[in-house]
Amino acid sequence: QVQLTESGGGLVQAGDSLRLSCTVSGGTFSTYIMAWFRQAPGKEHDLVARINASGRDETYAESVEGRFTISRDNAKNTLYLQMNSLKPEDTAVYYCAARPRGMGSYDYWGQGTRVTVSS
């Protein structure tokens, strides 16, 4: 059974930084495409960033480009999201998700970690 566990959320002020972590157990982390999504109150899940299995290819939502960095440590089965210059509009529950090789969807999700950015 694949389990994803996020950590690192919290309450910060605008302009601050946070680093989220997502540890994956029970699967083959190094083969998964990984991503961070977020869901603000009353809104849909939005893709924030994704990274391929090797960690060499990253894509970002336009709203976070240049401020957020996604990375992974395949030796530690851990995904990261470094968030800098946080804005109140970044307030959301952040989820990590895993897409197994050959699959077209993110099959595994974490429980989410809340990030609140005050102005």
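In this report, we go over the structure that sits alongside the text. Within each chain, residue numbers correspond to sequence positions counted from 1 in written order. Per-residue local features of the predicted model are confined to residues with pLDDT of at least 70, and side-chain atom pairs are confined, for both listing and counting, to 80 or more; whole-chain, interface and lining totals are unaffected and use all residues. Only heavy atoms go into the side-chain values, all of them from the structure, while hydrogens and water stay out.

## Let's talk about the pattern of salt bridges
In what follows, salt bridge is the name for a side-chain nitrogen of Lys or Arg lying within 4 Å of a carboxyl oxygen of Asp or Glu. Inspection of the entire model under this criterion finds three salt bridges. For Arg-50, the salt bridge identified is with Asp-57, shortest N-O distance 3.4 Å. Relative accessibility under 20% of the residue-type maximum defines a buried residue, over 50% an exposed one, and the middle range a partly exposed one, all with a 1.4 Å probe and only protein chains included. For Arg-50, a relative accessible area of 16% gives the class buried. Among the ionic pairs, Asp-90 bridges to Arg-67, the shortest N-O distance being 2.8 Å. Taken together, the residues Asp-90 in the loop between strand S8 (78-83) and strand S9 (92-99) and Arg-67 in the loop between strand S6 (58-60) and strand S7 (68-73) connect sequence positions 23 residues apart. We note that Asp-90, like Arg-67, is buried. Through salt bridges with shared partners, a single ionic network connects Arg-38, Arg-67 and Asp-90. Secondary structure counts use DSSP, requiring at least four H or I residues in a row for a helix and at least two E residues in a row for a strand, with both numbered from the N terminus.

## Here we look at the state of the cysteines
Throughout, disulfides are identified as pairs of cysteine sulfur atoms within 2.5 Å of each other. Going through the model one piece at a time under the given rule, you end up with one disulfide. Across the disulfide, Cys-22 is cross-linked to Cys-96 (sulfur-sulfur distance 2.0 Å). Since a negative S-S torsion denotes a left-handed disulfide, the Cys-22-Cys-96 link at about 55 degrees is right-handed. Here Cys-22, found in strand S3 (residues 18-25), pairs with Cys-96, found in strand S9; they are 74 residues apart in sequence, far enough to count as distant. By the burial criterion, Cys-22 is buried, and Cys-96 matches it.

## Quick notes on the sheet that holds S3
Taken together, the four strands give an open sheet; going across it, the order is S1-S3-S8-S7, and neighbouring strands pair in antiparallel fashion. One side of each edge strand has no neighbouring strand; the edge strands of this open sheet are strand S1 (3-7) and S7. On average, each strand axis in the sheet is inclined to that of its neighbour by 15 degrees, with strand direction left out of account. A pair of strands counts as paired when DSSP detects no fewer than two bridges linking them. Between N-to-C directions, angles span 0 to 180 degrees; the directions come from axes that are lines fitted to C-alpha atoms, helices contributing only their stretch in contact.

## A few points about the packing of aromatic side chains
Here a pair means two rings of Phe, Tyr or Trp (six-membered ring of Trp) with centres within 6.5 Å. Their orientation is stacked below 30 degrees between planes, edge-to-face above 60, and tilted elsewhere. All chains considered together, the criterion is met by three aromatic pairs. Between the aromatic rings of Tyr-32 and Tyr-108, the centroid separation amounts to 6.0 Å while the plane-to-plane angle is 45 degrees, which identifies the pairing as tilted. Linking Tyr-32 in the loop between S3 and strand S4 (33-39) with Tyr-108 in strand S10 (residues 108-109), this pair joins segments that are 76 residues apart in sequence. In this structure Tyr-32 comes out as buried when scored by relative accessible area, which is 5%. Relative accessible area serves as the criterion here: at 28%, Tyr-108 is assigned to the partly exposed category. Seen in terms of ring centroids, Phe-37 and Trp-109 are 4.8 Å apart; in terms of plane orientation they differ by 45 degrees. Their pairing is tilted. With Phe-37 in strand S4 and Trp-109 in strand S10, the pair connects residues that are 72 residues apart, well separated along the chain. Phe-37 gets classed as buried once you look at its relative accessible area, which sits at 11%. Put simply, the rings of Phe-37, Tyr-106 and Trp-109 touch in pairs and so form one group of aromatic residues. Comment: the charge-over-ring label is applied if NZ (Lys) or CZ (Arg) is within 6 Å of the ring centre and within 35 degrees of the ring normal. Above the face of the Phe-29 ring, Arg-72 is positioned so that its terminal group lies 4.4 Å from the ring centre. Here the guanidinium or amino end of Arg-99 rests over the ring plane of Tyr-106, the centre of that ring lying 5.6 Å away.

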